[in-house]
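In case you want the letters, here they are:
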Amino acid sequence: MAILIVEITPECEGLISTLPRGMGWSIEDESYREDGSGTITISFDGNDTSIATELALDSNPDVVSYKVVK
């Protein structure tokens, strides 16, 4: 199992529903700043993200950055 940490804009909604199926996504923590931007910590099955996951995150205009922590 690995952890995906995603920095988001205030407009981001339903992030986990935009990720590819089959990875066992589970939101572990959500932390928001006063302006509505924040960090979402998601655990998932596996050790690394797939190309489909990276494409989904890269194409989401409300994702500022992301990293995988193993």
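The shown structure was predicted, so the numbers you read here are calculated from the model rather than taken from an experiment. Sequence order as written defines residue numbering, which begins from 1 separately in each chain. It should be noted that, the model being predicted, local features are given only for residues of pLDDT at least 70 and side-chain atom pairs only at 80 or more, the latter also being counted only at that level, while totals for whole chains, interfaces and linings use all residues. Neither water nor hydrogens contribute to the side-chain values; these are computed over all heavy atoms in the structure.

1. So, the side chain of Thr 9
No. 1: Residue placement: Thr 9 occurs in the loop between β1 (2–8) and β2 (26–32).
No. 2: Excluding residues within four positions of it along the chain, Thr 9 makes contact with Gly 36, Ser 37, Pro 61, Asp 62 and Val 64. Strands are runs of DSSP state E lasting at least 2 residues, helices are runs of H or I lasting at least 4, and numbering of each runs from the N terminus. Contact criterion: two residues are considered in contact whenever any of their non-hydrogen atoms come within 4.5 Å of each other.

2. Topic: the nonpolar core
No. 1: Working definition of a nonpolar core: buried Ala, Val, Leu, Ile, Met, Phe, Trp, Tyr and Cys residues. They are joined through side-chain atoms within 4.5 Å. In this scheme, a residue with accessible area under 20% of its type's maximum is buried, one over 50% is exposed, and one in between is partly exposed, where area comes from a 1.4 Å probe on protein chains only. Formed by 14 residues in total, the largest nonpolar core has its most connected members in Leu 4, Val 6, Leu 15, Trp 25, Ile 42 and Leu 57.
No. 2: Sorting the residues of this core by element identifies β1 and β3 (38–44) as the ones contributing at least two each.
No. 3: Element by element, the count of residues in this core is highest for β1, at four residues.
No. 4: When neighbours within four sequence positions are excluded, Leu 57 is seen to be in contact with Leu 4, Val 6, Leu 15, Leu 19, Val 63 and Tyr 66.

3. Quick word on the sheet that holds β1
No. 1: Judged by pairing direction, the sheet is antiparallel, and its four strands sit side by side in the order β2-β3-β1-β4 without closing on themselves. Lying at the two open borders of the sheet, with one neighbouring strand each, are β2 and β4 (63–69). Across the sheet, the axes of successive neighbouring strands diverge by a mean angle of 15°, strand direction being ignored.
No. 2: Each of β1 and β4 is contacted by helix α1 (residues 51–59), which is oriented at about 150° to β4, the strand it contacts most. Between any two strands, pairing holds if DSSP finds at least two bridges. Axis angles are defined between N-to-C directions and span 0 to 180 degrees, where every axis is a line fitted to C-alpha atoms and, for a helix, only to the segment in contact.

4. Details of the packing of aromatic side chains
Geometrically, a pair of aromatic rings is defined through the distance of the ring centres and the angle of the planes.
No. 1: Note on aromatic contacts: the rings of Phe and Tyr and the six-membered ring of Trp form a pair at centre separations within 6.5 Å, being stacked when their planes are under 30 degrees apart, edge-to-face when over 60 apart, and tilted otherwise. In the structure shown here, the tally under the stated rule is one aromatic pair.
No. 2: Geometrically, the ring pair formed by Trp 25 and Phe 44 is tilted, given 5.1 Å between the ring centres and 45° between the ring planes. A residue pair is termed long-range when its members are at least 10 positions apart, and Trp 25 in the loop between β1 and β2 and Phe 44 in strand β3 qualify at 19 residues.
No. 3: Among the residues examined, Trp 25 registers a relative accessible area of 16% and is labelled buried.

5. Considering the pattern of salt bridges
Between side chains of opposite charge, pairing is possible as soon as their charged atoms come close.
No. 1: The working definition used for a salt bridge is a side-chain nitrogen of Lys or Arg within 4 Å of a carboxyl oxygen of Asp or Glu. Applying the stated criterion to the full structure yields one salt bridge.
No. 2: With a shortest N-O distance of 3.0 Å, Arg 33 and Glu 7 are connected by a salt bridge. Here Arg 33, found in the loop between β2 and β3, pairs with Glu 7, found in strand β1; they are 26 residues apart in sequence, far enough to count as distant.
No. 3: In this structure Arg 33 comes out as partly exposed when scored by relative accessible area, which is 43%.

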